[in-house]
Amino acid sequence: GRTAAEESLRAEELAERLRAQRSEGEKRERPGDPAQRRVRELAALSKRLQQVHPNVLAKVLKQGTLYQDEEIVAINKPYGLPVHGGPGIKNCIADVLPILAKMLENMKAEPLHLCHRLDKETTGVMVLARNKEVAEKIRLLFKTRQVEKIYWAITLGDPDPAEGIVEIPIVEKEVRSHQSHYKMTLAPNYRLSPEDGKVVKIRKNRSAESAVTRYRRLASSSACSLLELQPITGVKHQIRVHLAYGLGCPILGDHKYSHWSKLAPQKLPEITLKRLKLEQSKARHLPLHLHAHRLSLPLGQRIDLVCKPPLFFQKTLKKLDLDGANE
């Protein structure tokens, strides 16, 4: 084998080469390009949220409180923050609920309870219950589809027709490619018969869940659209799958559902890249532009919770010239 001296020399050389590569890379990137910088900042922010002290996180959530009464607290969920823990996840909303409850009630409250979930990358309205009974009640409202949910998404492409309903069941499948992974996908009940092009009913996939999403285009420009979405059912990744595979308009920054067979960064149209001042090679850092804009809860009287999109979402709207529809 090599001597320790040789080993450390090799390590030195490697480090040197890496340093050279890095400074070369930094030269190539135009210094101070604001869009590239912002994209990097967001990726860093998501990482940083995983490292902050739970108290700091609770404080961030407290500052994003949209509404509170004796039964519920509604917060604005930040980008990149998971709702539940898991492998490699240090911080999640579930873990800081006891701290948040105390902060809101000056130190004398039982922990808040989760009532529903949002994907890690999704931002916007999230409802927390002040006790178990209320949590159960609200979970039941979600389950029985009595909660009205409105999302905003920026998509690639323009849905045709401009408004409608996507009603296609969804199932989880393993994608066998060089990088095996799982994805949700469509499991339609119908197909076109190859002989005469007639619509034929096919055997229902037993494990598929029925999924319904209403959509409406609010604006379109720069090869993108701003859509308002109302998921009637609540299947995992439903909006992302219906938009990407049902309408052929994947959400901007959805690198998982922009291709079926591979996990690769989303390919953006020239005009979109130009407007975003982004290079295709940096597209992988683009965040998912999906925002839970409004939630309407029938609790005695209807409680309407509204949350405006995060700054990065608003800036994208401006750059793509989609902000005419902004309420």
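Conventions used here
- Residues numbered from 1 in each chain as written.
- Predicted model: local features only at pLDDT ≥ 70, side-chain atom pairs only at ≥ 80, totals over all residues.
- Heavy atoms only, no water.
- UniProt positions renumbered as here; feature names shortened; annotations may be inferred.
- Helix = DSSP H or I, 4+ residues; strand = E, 2+ residues; numbered from the N terminus.
- Buried < 20%, exposed > 50% of the residue type's maximum accessible area, 1.4 Å probe, protein only.
- Contact = heavy atoms within 4.5 Å.
- Areas by Shrake-Rupley, 256 points an atom, 1.4 Å probe, with all protein chains shown as cover.
- Expected span 1.5 Å × (residues − 1).
- Arc of directions from axis to C-beta.
- Polar contact = N/O pair within 3.5 Å; in protein donor to acceptor, adjacent residues only side chain to side chain.

The chain is annotated in an unreviewed UniProt entry as Pseudouridylate synthase RPUSD4, mitochondrial of Alca torda. Per UniProt, the chain carries the Subcellular location (unreviewed entry) text "Mitochondrion". Per UniProt, the chain carries the Sequence similarities (unreviewed entry) text "Belongs to the pseudouridine synthase RluA family."

Enquirer: Give me the overall build of the chain: which residues, what numbers.
Expert: Of regular secondary structure, the chain possesses eight helices and 14 strands. Each principal axis of the C-alpha atoms in the chain carries an extent, and together these give about 75 × 70 × 45 Å. Out of the 327 residues belonging to the chain, those deemed buried represent 44%. Restricting the contact set of the chain to residue pairs at least 6 apart, pairs at least 24 apart contribute 64%. With an accessible surface of roughly 18,200 Å², the chain has 51% of that area assigned to carbon and sulfur atoms.

Enquirer: Can you lay out helix α5 (residues 132-143) for me, pointing to particular residues and giving the numbers?
Expert: Compared with an ideal rise of 1.5 Å per residue, which puts 12 residues at 16 Å, α5 spans 16 Å between its outermost C-alpha atoms and is within 8% of the ideal. Inspection of α5 places Val134, Ala135, Ile138, Leu141 and Phe142 among the buried residues, and these make up the whole buried set. For α5, the arc enclosing every buried residue in end-on projection is 120 degrees, short of the 170-degree limit, so these residues lie on one face. Exposed residues lying more than 90 degrees from the buried face of α5 are Lys132, Glu133, Leu140 and Lys143. Against β2 (72-77), β3 (113-114), β4 (123-129), β5 (148-156) and β13 (290-299) lie the buried residues of α5. Between the side-chain oxygen of the N-cap and the backbone nitrogen of Glu133 there are 3.1 Å, and the N-cap of α5 in question is Asn131. Arg145 lies just past α5 and shows a positive phi near 60 degrees.

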